[in-house]
Amino acid sequence: MKKIFSVILTVVLILVYPYTVSAESKVPEVSAKACVLIEEKTGKILFEKNSSEKLPMASTTKIMTTLLCLESGGLDDQFVVDGEAIKVEGSSMGLTEGDVVTKRALCYGMMLPSGNDAANATAVKLGGSIENFADMMNERAEKIGMTRTCFVTPSGLEGEGHGSSAYDMALLAREALRNPDFAEICSQKKAKVEFGNPPYERWLTNSNKLLDMYQGVKGVKTGFTDEAGRCLVSACEREGISLICVTLNDKNDWQDHINMYDYGYSVLQPLELSTDEIFAVPVAGGTANTIPVRAEEQILIGDDGKTANRISSSIILPPFVYSDIKTGDKIGEIKYYYDGRYIDSISLNAMKNTEYKETEKKTDKNFFEKIKKFLFNN
């Protein structure tokens with residue numbers, strides 16, 4: 001086996017039930033200036049309108065600010081907010097000068113009541129200044145693949161050149177939702193957080209009404225400014241299929257998202273990515289020469305009938321393992337890709353235990369013979 005065992009596997013695609021497109025599936029009419037609907041795991045576009053056009057995106061900007069805050073660590077460490085940073089107009093989580101907060105509380109403050117004060121406080125805490133933090137935002141955007149985006153402010157209040165495309169914002173939401181803390185925060189209708197001087201508990205309410213309007217909605221973020229109009233980034237999951245929807249400058253955003261989700265779920269069927277193949281991995285120092293491993297889970301994606309032949313996978317296994325492996329231990333993984341873009345991975349786990357191979361203790365007879373000869377022949 002090669003030192004790094006990685007091969008492309010023909011994906012075993014198991015349709016939960018045959019693919020059909022409803023006769024009632026109608027392309028939605030959307031009033032947004034720009035919009036996009038994607039399948040979350042693959043990033044595949046299901047519907048779009050001007051999705052690559054750069055536009056102001058208002059407070060949906062806070063998706064990036066929150067993601068960077070969560071990725072910075074130390075979420076529950078307390079600190080005093082910058083008194084100048086929180087002096088900002090618009091929506092607020094209620095910070096005042098001298099308040100003691102945590103990064104986690106600021107994230108709730110950004111994602112639920114859309115606090116501009118929370119966004120600015122986060123920027124100064126992480127970057128030292130608004131300008132430095134904007135550089136951090138743009139660096140992260142580049143890594144995500146957001147090619148039509150420029151961040152100037154952490155809150156989404158207008159700044160010269162500040163803007164993004166509907167598709168870029170969908171990619172950002174897709175990346176952010178992979179962070180468990182982000183997914184948890186943006187799905188909450190209300191949350192109790194603690195801050196103040198001294199800190200005390202208080203409730204924050206989510207401005208995303210879509211959480212109550214459509215089954216399966218799990219976030220993400222609202223936004224509005226006079227220049228940007230109403231902006232909305234949302235995500236929804238049904239029967240294991242996750243979709244992300246973005247509308248920019250949309251007077252009828254709640255209904256447009258509902259219409260796009262109705263369309264998306266009418267043209268998709270669940271598709272499992274997995275394999276039944278059993279792989280043998282060499283064992284060093286064990287009673288058996290190899291140990292069998294297999295996948296015990298699957299990834300579920302939405303298929304519109306054109307997805308399966310664009311899926312590839314890569315198997316990652318070590319050249320060997322040492323003994324003392326237990327059943328269920330993770331040995332490797334299978335990574336899945338859609339058009340070369342990473343989707344997700346599943347573990348390859350040991351199917352049985354391995355044991356150490358006991359070796360006989362050998363005695364160096366020649367050595368003792370030499371000692372005996374030396375003692376008795378002299």
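Residues numbered from 1 in each chain as written. Predicted model: local features only at pLDDT ≥ 70, side-chain atom pairs only at ≥ 80, totals over all residues. Heavy atoms only, no water.

Asker: Report on the overall build of the protein, specifying residues and quantitative values.
Answerer: Within the protein, the secondary structure is distributed over nine helices and 19 strands. Of all intrachain contacts in the protein linking residues separated by at least 6 positions in sequence, the fraction that spans at least 24 positions is 65%. Of the roughly 18700 Å² of accessible surface on the protein, 48% is carried by carbon and sulfur atoms. (Helix = DSSP H or I, 4+ residues; strand = E, 2+ residues; numbered from the N terminus. Contact = heavy atoms within 4.5 Å. Areas by Shrake-Rupley, 256 points an atom, 1.4 Å probe, with all protein chains shown as cover.)

Asker: Explain the packing of helix α1 (residues 62-71) against helix α5 (residues 166-176) to me, and be specific about the residues and the numbers.
Answerer: Their axes nearest at 10 Å, the elements α1 and α5 cross at an angle of 30 degrees. Relative to α5, α1 is oriented roughly parallel. In this structure, α1 meets α5 at a crossing whose hand is left-handed. On α5, the residues that touch I63, M64 and L67 of α1 are M169, L172, E175 and A176. For the contact of α1 with α5, a count of residues per class yields six nonpolar, no polar and one charged. (Axes fitted to C-alpha atoms, helices over the stretch in contact; angles between N-to-C directions. Parallel < 35°, antiparallel > 145°, perpendicular 65-115°, else oblique. Left-handed = near helix turned anticlockwise from the far one by under 90°. Nonpolar A, V, L, I, M, F, W, Y, C, P; charged D, E, K, R; others polar.)

Asker: Provide a residue-level description of the pattern of salt bridges, including the pertinent values.
Answerer: Overall, the coordinates contain 17 salt bridges when judged by the stated rule. One salt bridge in this structure joins K335 and E333, with 3.9 Å as the shortest N-O distance. In this structure, a network of salt bridges that share partners links the residues E71, R140, E175 and R178. (Salt bridge = Lys/Arg side-chain N within 4 Å of Asp/Glu carboxyl O.)

Asker: Break down the nonpolar core for me, with residues and values.
Answerer: Counting residues in each nonpolar core, the largest one holds 60 residues, and the members touching the most others are M64, L95, L172, F182, V220 and V246. It is α5 that contributes the most residues to this core, eight residues altogether. (Core = buried A, V, L, I, M, F, W, Y, C linked by side-chain atoms within 4.5 Å. Buried < 20%, exposed > 50% of the residue type's maximum accessible area, 1.4 Å probe, protein only.)

Asker: An account of helix α4 (residues 130-144) is needed here, citing residue identities and associated values.
Answerer: Here α4 is 15 residues long and its end C-alpha atoms lie 21 Å apart, about the 21 Å a rise of 1.5 Å per residue gives. On its buried face, α4 is in contact with α1, α3 (116-127) and α5. Backbone geometry just downstream of α4 places G145 in the positive-phi region, at approximately 100 degrees. (Expected span 1.5 Å × (residues − 1).)

Asker: Could you give me a rundown of a negative patch on the surface, with the residues and numbers involved?
Answerer: Among the surface-exposed residues, E89, E158, D226 and E227 lie close enough to one another that they form a single negatively charged patch. Mapped onto the fold, D226 is located in the loop between β9 (217-225) and β10 (229-238). (Patch = residues over 30% accessible without salt bridge, like charges linked within 9 Å, V, L, I, M, F, W, Y side chains within 5 Å. Lys, Arg positive; Asp, Glu negative; His and termini not counted. Charge placed at Lys NZ, Arg CZ, Asp CG, Glu CD.)

Asker: A description of the sheet that holds strand β11 (residues 241-248) should follow, citing residues and the corresponding values.
Answerer: Whether parallel or antiparallel, the strands of a sheet pair through hydrogen bonds between backbone atoms. Spatial ordering of the open sheet is given by β4-β3-β11-β10-β9, a layout of five strands whose pairing is antiparallel. Both edges of this open sheet fall to β4 (45-49) and β9, since each of them pairs with a single strand only. Across the sheet, the mean angle from the axis of one strand to that of its neighbour is 5 degrees, orientation sign disregarded. Taken together, the seven bridges between β10 and β11 define a ladder with antiparallel strand orientation. (Pairing = 2+ DSSP bridges.)

Asker: Outline unusual backbone geometry, supporting the account with residue identities and numerical values.
Answerer: Looking along the chain, the bond that leaves N197 and enters P198 is cis, with omega of 0 degrees. Secondary-structure assignment places P198 in the loop between β7 (190-196) and β8 (199-205). The residue after G219, namely V220, is reached through a cis peptide bond having omega 20 degrees. Summarising the element assignment, V220 is placed in strand β9. Phi is positive for S114, close to 60 degrees, though the residue is something other than glycine. When you line up the elements, S114 lands in the loop between α2 (103-111) and α3.

Asker: Let's hear about the pairing of β11: which residues, and what values?
Answerer: Among the eight residues that make up β11, eight are buried, leaving the element largely enclosed by the rest of the structure. Here β11 shows a buried face lined by I241, L243, C245 and T247 and a second buried face lined by S242, I244, V246 and L248. Pairing of strand β3 (residues 34-39) with β11, which is carried by six bridges, proceeds in the antiparallel orientation. In the strand pairing of β11, I38 is matched with I244. Linking β10 back to β11 in an antiparallel pair, the connection comprises two residues, with E239 at a positive phi of about 50 degrees.

Everything listed here is a matter of geometry and, on its own, says nothing about what the molecule does.
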